[in-house]
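A closer look at the structure
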Amino acid sequence: MDEIEPVGWGICSTGTIAHSFATDLHLLNSARVAAVGSRELSSAEAFAAEHGGTAHASYAAMLEDDTVDVVYVASPHALHPEHVAMALDAGKPVLCEKPVALNAGLTSTMLDHATASGLFFMEAMWMACNPLVRHLRERLAAGDFGQPLQLVADLGFRVPDDASPRMWDPALGAGALLDMGIYPLTLAQLLLGDPAELAPVAQLSSSGVDVNVAISARYESGAVAALTASMTAQSPRTASIATDRGRLDLPSGFHHPSYATWTAYEDGRATEPVRIDPPSPLIGTGLGNEAVEVGRCLRAGELQSPLVPHAQTLALMQQMDLIRSEIGVVYPQERD
């Protein structure tokens, strides 16, 4: 079998998630860090010293690097449209961290730009590329577990007051919804489809940042969901999907699970839980699986991934716009 030429990744930004992504790239023979761009050369050099690739003192310089085949945009939410546009204008395919923008209008513009440019674009929703999540989604759709009736998903971490401005500055798209709530919402979208109704409540900080969010959802199938996200508490971070035949449980860290359990109910009694492992390996934390999917799409000439299609990205952004309108969160860029 011929050797696959590794995909050369250009990393835009040097924050925590960029380091995590690059770490998982090292586990792949089909990918490598080609270059990294940062506003400060010292930051890019430190990143390159750890992960490899050429350090550049600006994103623009990184995009001019001929060794870069695809760009991973890992900057704060509010900066994604600018950085994605730069990459697309430079002729580079893009994997952009979630959420790809602050609202659906900006998201639609980015997706249209990618389509018009004839370039691959994907939101970095690694959960949708997780082999176990994909497996459970397929089996639920096939009816293996019965009819899904109730989904509960929660993601909460205590974010310290001195954390990165990305987590607290409204101008950067801070808040529990965009940073954490997107995961419960996406899980529900993957397993239950488009919601027919969303009813949110939230607690806001003095600066207008949503720090606790709870969302009730209803689906045309008859299923309901309870979805929560928090920046103030270490919540269980688990998920469950109850059906007319039993219950699937995802452990803490449900957004990148390595196993699940299935508890069937027969004659009104629970049977012994059965462990479900992924049918293919989890690569690193799961960011590696996301990179593999991007590489597959690029080699196949696909402009969007069937695992994270443009329509799904836009639908989730529209849901978050609706939720923000109900809870009263408006980013400074959106004010008249």
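Right, let's walk through the structure included here.

The rules we used
- Residues numbered from 1 in each chain as written.
- Predicted model: local features only at pLDDT ≥ 70, side-chain atom pairs only at ≥ 80, totals over all residues.
- Heavy atoms only, no water.
- Helix = DSSP H or I, 4+ residues; strand = E, 2+ residues; numbered from the N terminus.
- Contact = heavy atoms within 4.5 Å.
- Salt bridge = Lys/Arg side-chain N within 4 Å of Asp/Glu carboxyl O.
- Buried < 20%, exposed > 50% of the residue type's maximum accessible area, 1.4 Å probe, protein only.
- Pairing = 2+ DSSP bridges.
- Axes fitted to C-alpha atoms, helices over the stretch in contact; angles between N-to-C directions.
- Core = buried A, V, L, I, M, F, W, Y, C linked by side-chain atoms within 4.5 Å.
- Right-handed = clockwise from strand over helix to strand, strands pointing away.
- Polar contact = N/O pair within 3.5 Å; in protein donor to acceptor, adjacent residues only side chain to side chain.
- Phe/Tyr/Trp six-rings, centres within 6.5 Å; stacked < 30°, edge-to-face > 60°.
- Parallel < 35°, antiparallel > 145°, perpendicular 65-115°, else oblique.
- Nonpolar A, V, L, I, M, F, W, Y, C, P; charged D, E, K, R; others polar.
- Arc of directions from axis to C-beta.

**Observations regarding the environment of L287**
Along the chain, L287 falls in helix 10 (residues 287-300). Sequence separation between L287 and S221 is 66 residues; the distance between their C-alpha atoms is 32 Å. When sequence neighbours within four positions are dropped, the list of residues in contact with L287 reads I17, S20, F21, D24 and W126.

**A closer look at the pattern of salt bridges**
Taken as a whole, this structure holds 10 salt bridges when the rule is applied. Among the ionic pairs, E197 bridges to R218, the shortest N-O distance being 3.0 Å. Of this pair, E197 sits in strand 8 (residues 197-204) while R218 is found in strand 9 (residues 210-218), placing the two residues 21 residues apart along the sequence. Residue R218 is classed as partly exposed on the basis of its relative accessible area, which comes to 36%.

**Here's the deal with the sheet that holds strand 3 (residues 54-56)**
What holds strands together in a sheet is hydrogen bonding between their backbones, with the strands either parallel or antiparallel. Pairing is parallel in the open sheet, where six strands are placed in the order 3-2-1-4-5-6. Sheet topology places strand 3 and strand 6 (121-123) at the edges, where each strand pairs with a single neighbour. Taken over all neighbouring pairs, the strand axes of this sheet differ in orientation by 25 degrees on average, direction set aside. When strand 4 (residues 70-73) meets strand 5 (residues 94-96), the two strands line up parallel, connected through three bridges.

**Observations regarding unusual backbone geometry**
Omega for the peptide link from K98 to P99 comes to -20 degrees, which places this bond in the cis form. Mapped onto the fold, P99 is located in the loop between strand 5 and helix 5 (104-117). The backbone of R237 sits at a positive phi, close to 60 degrees, despite the residue not being glycine. Relative to the elements of secondary structure, R237 occurs in the loop between strand 10 (224-230) and strand 11 (239-243).

**So, the nonpolar core**
Core analysis: the biggest nonpolar cluster contains 87 residues, and W9, I11, F21, L151, L187 and F254 have the highest contact counts within it. By residue number, the principal contributor to this core is helix 9 (residues 176-192), which donates 12 residues. Apart from residues no more than four positions distant in its own chain, F254 is found in contact with M127, A153, D154, L155, Y183, P184, L187, R237, T238 and A239. C12, A35, V100 and L119 belong to the second largest nonpolar core, which has 21 residues in total.

**Quick word on the pairing of strand 2 (residues 31-37)**
Within strand 2, six of the seven residues are buried, which leaves the element mostly enclosed by the surrounding structure. In this sheet, strand 2 lies alongside strand 1 (residues 7-12) in parallel orientation, the contact comprising six bridges. Looking at the pairing, V7 lines up with A31 of strand 2. Handedness of the crossover is the feature at issue here: the chain leaves strand 1, passes through helix 1 (residues 16-25), returns alongside strand 2, and the resulting connection is right-handed.

**Observations regarding the side chain of H255**
Relative to the helices and strands, H255 is located in the loop between strand 12 (246-250) and strand 13 (260-266). When near neighbours in sequence (up to four residues on either side) are disregarded, H255 contacts W126, M127, L155 and Y183.

**Some points on helix 7 (residues 131-141)**
Residues of helix 7 that are buried include every one of P131, L132, V133, H135, L136 and L140, and no others. The backbone nitrogen of L132 has a side-chain oxygen 2.9 Å away, supplied by the residue at the start of helix 7, namely N130. G143 sits one or two residues past helix 7 and shows a positive phi near 85 degrees.

**Focus on the packing of aromatic side chains**
Evaluation of the coordinates by the stated rule reveals three aromatic pairs. On the basis of an interplanar angle of 75 degrees and a centroid distance of 5.0 Å, the ring pair of W9 and F21 is categorised as edge-to-face. Here W9 is found in strand 1, whereas its partner F21 is found in helix 1, with 12 residues between them in sequence. For the ring pair F21 and Y72, a centre distance of 4.0 Å and an interplane angle of 25 degrees mean the geometry is stacked. On the criterion of sequence distance, the pair formed by F21 in helix 1 and Y72 in strand 4 is long-range, its members being 51 residues apart. Each member of the pair, F21 as well as Y72, is classed as buried. Here the aromatic cluster, defined as three or more aromatic residues joined through ring pairs, consists of W9, F21 and Y72.

**Focus: the packing of helix 4 (residues 80-89) against helix 5**
Remark: helix 4 packs on helix 5, axes separated minimally by 10 Å, with the N-to-C direction vectors making an angle of 5 degrees. What the angle tells us is that helix 4 and helix 5 run roughly parallel. Two secondary-structure elements touch here, helix 4 through H80, P81, V84, A85, L88 and D89 and helix 5 through L106, M110, H113, A114 and S117. Partitioning the contact of helix 4 with helix 5 into residue classes produces seven nonpolar, three polar and one charged.

**Examining the side chain of T107**
Residue position: T107 is located in helix 5. In this structure, T107 is in contact with V100, A101, T313, L314 and M317, ignoring residues within four places of it in sequence.

**Re helix 1**
Of all the positions in helix 1, only A18, F21, A22, D24 and L25 are classed as buried. One side of helix 1 holds all its buried residues, which, seen down the axis, span an arc of 160 degrees. On the buried face of helix 1, the contacting elements are strand 1, strand 2, helix 2 (41-51), strand 4, strand 5 and helix 10.

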